[in-house]
Amino acid sequence: MLLIRCPYCEEERPELEFRNAGEAHIARPTNIAAESDDDFEKFFFIRANPKGVIYERWRHIHGCARFFNAVRDTVTDKFIMTYKAGEPKPAKLPGAAK
Amino acid sequence: MTAAFRISGAGRLSQARTASFSFDDKSYTGIEGDTLASALLANGVHLVGRSFKYHRPRGFLSAGAEEPNALVQIVRDDARKTPNVRATVQELYDGLTANSQNCWPSLAFDIGAVNDLASPMFSAGFYYKTFMWPKSAWKNLYEPKIRAAAGLGVSPEKPDPDHYAARYAHCEVLVLGGGAAGIAAALAAAETGVRVILADEQAEFGGSLRFESGARIDGQGGFAWAQGAVAKLKAMDNVRVLSRTTAFGYYAQNFVGLVERVSDHLKSPGRELARERLWQVRANRVVIATGAIERHMVFANNDRPGVMLASAARTYLNHYGVAVGRNVGVYTANDSAYAAAIDLKKAGVNIAAVVDLRDNPAGPVIDEARALGIEINFGRAVISAGGKLRVSSMTVQPKNGGGERTVPVDAILMSAGWTPSVHLFSQSRGKVAFNDETKRFVPGTYAQDCVSVGGCNGTDGLDATVDEAYAAGAKAAKEAGGKAGKSAKPKVDAGESCSRGMLGAAPGAGPGTTVKAFVDFQNDVTAKDIRQAVHEGMRSIEHVKRFTTNGMATDQGKTSNMHGLAIAAEELGKPIPQVGLTTFRAPYTPVTFGSIVGHARGALFDPTRRTATHGWAASQGAVFEDVGHWKRAWYFPKAGEDMHAAVNRECVAVRKVGGLFDASTLGKIEVVGPDAAKFMELLYTNPWEKLETGRCRYGIMLREDGFIYDDGVVGRLAPDRFHVTTTTGGAPRVMNHMEDYLQTEFPHLNVWLTSITEQWAVIAVQGPKSRDIIAPLVEGIDMSDEAMPHMSVREGKICGVPTRLFRMSFTGERGFEVNVPADYGEAVWEALWAEGQKHGAVAYGTETMHVLRAEKGYIIVGQDTDGTVTPNDAGLDWAVGKKKTDFVGIRGLTRSDLVAKGRKQLVGLKTKDPKVVLEEGAQIVADPKQPIPMKMIGHVTSSYWSENCGRSIALALVAGGRDRMGQTLYVPMPNGTIEVEVTGMVFVDEKGERLNG
Ligand SMILES: [Zn+2]
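About the cut-offs
Residues numbered from 1 in each chain as written. Chains lettered and ligands numbered in written order. Predicted model: local features only at pLDDT ≥ 70, side-chain atom pairs only at ≥ 80, totals over all residues. Heavy atoms only, no water. Helix = DSSP H or I, 4+ residues; strand = E, 2+ residues; numbered from the N terminus. Buried < 20%, exposed > 50% of the residue type's maximum accessible area, 1.4 Å probe, protein only. Contact = heavy atoms within 4.5 Å. Areas by Shrake-Rupley, 256 points an atom, 1.4 Å probe, with all protein chains shown as cover. Lys, Arg positive; Asp, Glu negative; His and termini not counted. Charge placed at Lys NZ, Arg CZ, Asp CG, Glu CD. Phe/Tyr/Trp six-rings, centres within 6.5 Å; stacked < 30°, edge-to-face > 60°. Pairing = 2+ DSSP bridges. Polar contact = N/O pair within 3.5 Å; in protein donor to acceptor, adjacent residues only side chain to side chain. Right-handed = clockwise from strand over helix to strand, strands pointing away. Donors = N, O, S within 2.8 Å, 3.2 Å for Na, K, Ca; no water. Tetrahedral: all angles 85-135°; square planar, octahedral: opposite > 155°, others 65-115°. Axes fitted to C-alpha atoms, helices over the stretch in contact; angles between N-to-C directions.

Trainee: Provide a residue-level description of the overall build of chain B, including the pertinent values.
Mentor: Counting its regular elements, chain B contains 24 helices and 52 strands. Evaluated residue by residue, chain B yields a buried proportion of 59% over its 997 residues. The long-range share in chain B, meaning contacts at least 24 apart out of those at least 6 apart in sequence, stands at 66%. Surface accessibility of chain B: about 39600 Å² in total, with carbon and sulfur atoms responsible for 53%. Computed over 112 positive and 109 negative side-chain charges, the inter-centroid distance for chain B is 2 Å.

Trainee: Which residues make up the packing of aromatic side chains, and what values go with them?
Mentor: On inspection of all chains with the given rule, the structure shows 23 aromatic pairs over all chains. Between Trp616(B) and Trp833(B), the ring centres sit 5.1 Å apart and the planes meet at 70°, which makes this aromatic pair edge-to-face. Of the two residues, Trp616(B) is situated in helix α17 (residues 614-619) and Trp833(B) in helix α22 (residues 825-839); the sequence distance between them amounts to 217 residues. You can call Trp616(B) buried: its relative accessible area is 6%. Here a set of aromatic residues connected by ring pairs shows up, and it is made of Phe40(A), Phe43(A), Phe44(A) and Phe45(A).

Trainee: An account of the pairing of strand β38 (residues 708-718) of chain B is requested, with residue identities and associated values reported.
Mentor: All names here are of chain B. Among the 11 residues that make up β38, 11 are buried, leaving the element largely enclosed by the rest of the structure. As paired elements, strand β37 (residues 696-702) and β38 share seven bridges and run antiparallel to each other. Its bridge partner being in β38, Tyr698 is matched across the sheet by Val713. As judged from the four bridges shared by β38 and strand β39 (residues 721-726), these two strands associate in the antiparallel manner. Considered in β39, the bridge of Gly715 is made with His723. As consecutive antiparallel partners, β38 and β39 are separated by two residues.

Trainee: If you had to explain the side chain of Asn238(B) to someone new, which residues and values would you point to?
Mentor: Residues and elements named next belong to chain B. Mapping Asn238 onto the fold places it in the loop between α6 (222-234) and β12 (239-242). For Asn238, a relative accessible area of 17% corresponds to the buried category. A polar atom in the side chain of Asn238 sits 2.8 Å from the backbone oxygen of Ala190.

Trainee: Tell me about the pairing of strand β19 (residues 350-356) of chain B, residues and numbers included.
Mentor: Residue and element names in this part refer to chain B. With six of its seven residues buried, β19 lies for the most part within the structure. Crossover connection from strand β18 (residues 327-332) via helix α8 (residues 336-346) to parallel β19: handedness right-handed. Direction of pairing for β19 relative to strand β20 (residues 376-378): parallel, over a ladder of three bridges. Its bridge partner lying in β20, Asp356 is registered against Phe378.

Trainee: A description of the coordination of the zinc ion should follow, citing residues and the corresponding values.
Mentor: Residues and elements named next belong to chain A. Around the zinc ion, the donor atoms from the protein are Cys6 (SG), Cys9 (SG), His60 (ND1) and Cys64 (SG), and they sit 2.0 to 2.3 Å away. For the zinc ion, the four donor atoms in the first shell make angles of 106 to 115° at the metal, a pattern classed as tetrahedral. In the primary sequence, the donor residues of the zinc ion line up as C-x2-C-x50-H-x3-C. Residue Cys9 is found in the loop between β1 (3-6) and β2 (11-14), and its partner Cys64 is found in the loop between β4 (53-59) and β5 (67-73); the two are separated by 55 residues along the sequence.

Trainee: Now, about the environment of Ala108(B): what can you tell me, with residues and values included?
Mentor: Following the sequence through the fold, Ala108(B) ends up in the loop between β7 (96-100) and α2 (114-117). Each C-alpha atom of the pair Ala108(B) and Leu47(B) lies 8.0 Å from the other, and the pair is 61 residues apart in sequence.

Trainee: Go over the sheet that holds strand β46 (residues 842-843) of chain B with me, naming the residues and quoting the values.
Mentor: Residue and element names in this part refer to chain B. Spatially, β42-β43-β44-β45-β41-β35-β46 is the arrangement adopted by the seven strands of the open sheet, whose pairing is mixed. Looking along the sheet, the strands with just one partner apiece sit at the ends: β42 (778-779) and β46. Two elements, strand β44 (residues 801-807) and strand β45 (residues 815-821), share four bridges in a ladder whose sense is antiparallel. Within β45, the position partnered with Arg804 by the bridge is Asn819. Along the sheet face, α22 touches β35 (659-662), β41 (760-766), β43 (792-798), β44, β45 and β46 and points at about 15° away from the line of β41.

Trainee: Just give me the short version of the sheet that holds strand β17 (residues 307-309) of chain B, but keep the residues and values in it.
Mentor: Pairing between sheet strands relies on hydrogen bonds along the backbone, with the strands arranged either parallel or antiparallel. Residues and elements named next belong to chain B. Across the sheet, which stays open at both edges, the five strands sit in the order β17-β24-β18-β19-β20 with parallel pairing between neighbours. One side of each edge strand has no neighbouring strand; the edge strands of this open sheet are β17 and β20. Taking each pair of neighbouring strands and ignoring which way they run, the sheet shows an average axis angle of 20°. As paired elements, β18 and strand β24 (residues 411-415) share five bridges and run parallel to each other. When the bridges of β24 are listed, Gly329 appears paired with Ile412. Across the face of the sheet, α8 comes into contact with β18, β19, β20 and β24 while running at roughly 170° to β19.

Trainee: Requested: an account of the side chain of Ser664(B), with residues and values cited.
Mentor: Residues and elements named next belong to chain B. Structurally, Ser664 can be placed in the loop between β35 and β36 (667-672). Looking at Ser664, the relative accessible area reads 6%, which means it is buried. At a separation of 2.6 Å, a polar atom in the side chain of Ser664 contacts the side chain of Asp662. When residues no more than four places from it in sequence are discounted, the contact partners of Ser664 are Thr611, Thr757, Trp760, Ala761 and Val762.

Trainee: Can you tell me about unusual backbone geometry, naming the residues and giving the values?
Mentor: Residue and element names in this part refer to chain B. Here the residue pair Ala586 and Pro587 is connected by a cis peptide bond, since its omega of 0° sits within 30 degrees of zero. By the secondary structure assignment, Pro587 is in the loop between α15 (576-579) and α16 (593-597). Residue Ile932 is joined to Pro933 through a cis peptide bond whose omega torsion reads 0°. Within the fold, Pro933 resides in the loop between β48 (923-925) and β49 (936-946).

Honestly, that's just the spatial picture; any functional story needs more than this.
Below, the structure written as structure tokens:
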């Protein structure tokens with residue numbers, strides 16, 4: 001069982017308290033009704049599904065109930081870092097090659 | 001009476017404490033502290049099982065957890081029959097009953113052994129080749145036959161009566177394995193004051209000190225030192241010592257699963273003791289001290305009962321006081337088997353000969369063996385074992401060929417060397433590295449905060465092991481926050497010499513030979529099978545493994561993996577690391593389902609949710625149905641009524657008079673805040689800004705792709721407060737969906753969401769008399785049609801308690817839903833019931849609710865929709881705000897497929913024969929005469945007998961359904977085709993007049 005750090009509770013909690021909520025940093029267009037088919041496809045259907053570093057959303061559903069963002073390595077399952085919803089994609093990851 | 005092969009003065013068990021037991025209905029006597037294996041061996045019993053594929057007679061290979069052969073069934077009673085128990089780890093208790101497995105009619109004469117003669121048929125990959133065709137035969141013939149023939153024990157017929165405990169634990173240092181290394185590491189860690197857990201799979205700590213007669217630590221014999229050290233650890237407050245506890249799985253972030261066998265070794269465990277306890281331990285640092293496992297020699301008939309690992313024979317002698325034979329041969333490629341020969345010889349057992357593959361080895365053990373007068377043959381091989389139910393001889397030949405000699409023996413002790421137990425390290429996702437010099441895979445790159453010490457790290461020699469382990473324990477504790485310790489590390493006075501061994505097939509079983517030289521005993525995989533797999537094109541060890549099933553049995557190849565790999569590598573002409581090691585997976589040894597399930601079974605498997613009126617409904621004889629976790633009253637049968645009769649009566653009574661229905665399970669969410677209306681506008685298709693306070697609206701929620709996600713009636717209690725209802729099953733996901741948008745897409749909106757599902761009990765009162773039933777109990781609410789029209793909500797009191805009184809209808813009748821705080825639910829229900837009785841109202845359940853709503857064409861999301869249905873498809877376009885510029889799903893609704901012609905649309909169906917009730921889910925076709933497979937144009941989503949209509953009614957999703965009004969369609973069923981007519985969805989009161997009736 002993984003330990004996940006909730007950036008709101010500011011502590012590591014067991015995986016059972018959390019639920020994954022899909023890829024992060026996919027903003028809903030402000031004027032969504034005017035989106036072209038291609039843009040809507042990219043927004044709604046297309047996901048990166050990378051082997052390696054993924055930016056994804058989690059919810060501390062059995063804790064503070066907040067959604068937040070996490071950076072995880074899909075190969076090792078290791079959480080590299082977590083940060084609050086709305087914060088920008090981190091420019092540099094801890095432990096990344098300099 | 002002392003058993004025939006018990007050596008007096010040998011071993012550590014007290015001869016006085018006997019235990020009787022039976023094996024295959026024959027009674028024997030053992031000693032407390034024995035394993036089933038040592039007790040059988042003491043009685044001269046070697047034959048204990050038949051092999052999986054060839055049904056060859058098998059005995060004990062080992063004295064521990066790696067045992068591939070000696071699997072038995074332990075029977076306590078009808079409900080407690082544990083199959084596949086390794087006799088080498090099952091502790092003896094007085095009265096133990098064990099049976100052999102996989103043989104018929106008896107162990108000595110097993111008819112399945114014909115497979116051995118027919119073995120060319122059963123060679124590598126035979127499952128894949130033989131049982132392919134015809135396809136149907138797999139289900140009807142092959143699988144049942146294979147399962148019956150390949151029985152690894154039988155399951156008990158009754159539910160498991162035992163209970164299983166579970167514990168979570170945290171510690172700074174978790175030490176896995178309680179041999180010399182584990183104990184030394186635990187000692188070092190413990191005295192720094194941090195929390196330490198030391199676990200070992202055996203009943204007693206000591207690991208290989210159980211048989212290493214040459215080990216001396218701190219002035220004592222190794223095993224005695226281990227007992228003293230563990231006693232000291234047990235006395236420390238910061239240390240937890242777990243015996244009979246196997247670490248079976250190493251998961252992410254130092255999370256380790258262990259199973260403690262609490263009572264399987266006891267004669268009468270008693271109800272208060274759990275059978276097993278699952279430990280889930282999170283450790284700051286883990287010290288892996290799992291030792292090494294001895295390998296067998298791969299030669300012809302190396303599976304005959306009596307052929308076993310040298311270390312096993314030493315364990316039986318030095319710990320249990322049992323001689324595995326009287327005239328024993330030894331076949332080795334390393335030094336450690338000499339120690340076995342020496343120990344046995346000193347105990348009075350004749351050593352017929354030592355056969356050593358090496359040319360001119362030298363060392364103290366060889367000198368000692370020679371000094372004891374043991375015959376030693378260098379540069380020679382045992383090319384075959386004689387005998388069938390028990391080994392009777394070994395055939396010896398110079399390893400490069402030459403004259404053969406047959407030596408009579410009643411046991412052969414083998415040692416091809418030692419394989420580090422890197423299972424847990426590998427499970428932790430560490431990468432093993434191949435040491436070319438020692439031909440061993442040892443821990444290489446670590447992935448977690450753990451360290452391997454001793455045998456499992458490829459460290460040879462007791463002195464080096466204790467040094468390494470003690471330092472590692474101290475370091476782990478320090479890294480986890482411990483203080484520096486003061487005690488001196490244990491001093492190793494004497495250890496045993498060690499040397500390398502060999503991998504792969506021994507002479508006589510090499511390339512070109514077809515003898516049965518077993519690599520994997522449990523799955524009956526021979527050296528020839530591995531080579532055949534390579535010839536048939538398997539290149540990766542993962543493929544070889546699956547093709548031959550080498551290492552895939554319940555022992556997970558503890559003794560076989562390295563041999564199999566070496567043979568494949570030789571055949572491929574590649575170095576071993578290039579062929580690769582197969583992945584180690586949890587569990588290390590088999591784990592019972594019971595220990596994983598723990599208390600989560602029966603009533604504790606899943607939570608049960610009951611509404612406030614549950615007790616009342618039960619007392620009225622209601623039949624309940626499960627809806628998610630909820631128990632809902634399904635129908636209320638009167639004496640003599642079946643479901644059909646009860647539902648018919650309820651349906652008629654509601655439309656004629658009135659009925660009470662518990663709707664408490666509906667999800668309820670309060671949306672509150674200055675921006676509540678704006679939020680509702682974004683989450684639902686309908687317009688909300690202009691909904692007046694005190695009015696209700698039926699809302700539809702979409703996903704962003706335009707499909708219906710949920711629906712429900714929403715009441716506006718105040719400009720900034722909405723009382724939202726959801727479907728029963730949808731409540732949690734709707735809440736999640738709302739929170740998601742509020743927190744991440746619309747965080748600028750000032751809104752609070754609160755789940756109020758369980759705070760409010762909901763009593764639906766429906767029917768022409770509904771107002772008359774409620775009104776006498778209500779205070780402060782004008783319930784006239786003028787003051788409180790259909791689809792309105794008022795706050796006031798009922799029976800003196802607060803209520804949110806909705807005027808709404810899921811039946812098409814004049815109706816109300818009385819919301820009261822859940823604690824008052826039952827009392828208010830009883831008061832309403834008393835009023836209802838005056839009018840002849842009924843209590844009705846979910847089945848009647850379903851029929852009544854279908855009569856009106858009201859949909860149920862999840863039944864009449866399936867995640868691919870738009871509001872338009874469901875005939876609900878009117879609920880989509882056409883002037884709105886944004887809501888979740890607005891863009892999805894305009895996708896080309898969602899506006900295309902010919903989409904499936906919800907319509908009504910009437911069977912031509914009014915008495916025929918369609919099956920929900922039945923497919924619909926336009927032309928019943930077309931060839932199979934027919935073109936299906938839709939399916940039935942809801943179907944009931946409607947007593948009110950005097951006929952069956954149905955709803956269906958049909959391609960272009962609304963353009964087919966009046967058309968005849970067909971529902972092909974196994975018993976004939978049913979003709980149906982496409983109709984509108986409303987079967988009762990098309991004009992909706994009864995809402996005010
Ligand atoms: Zn949190």
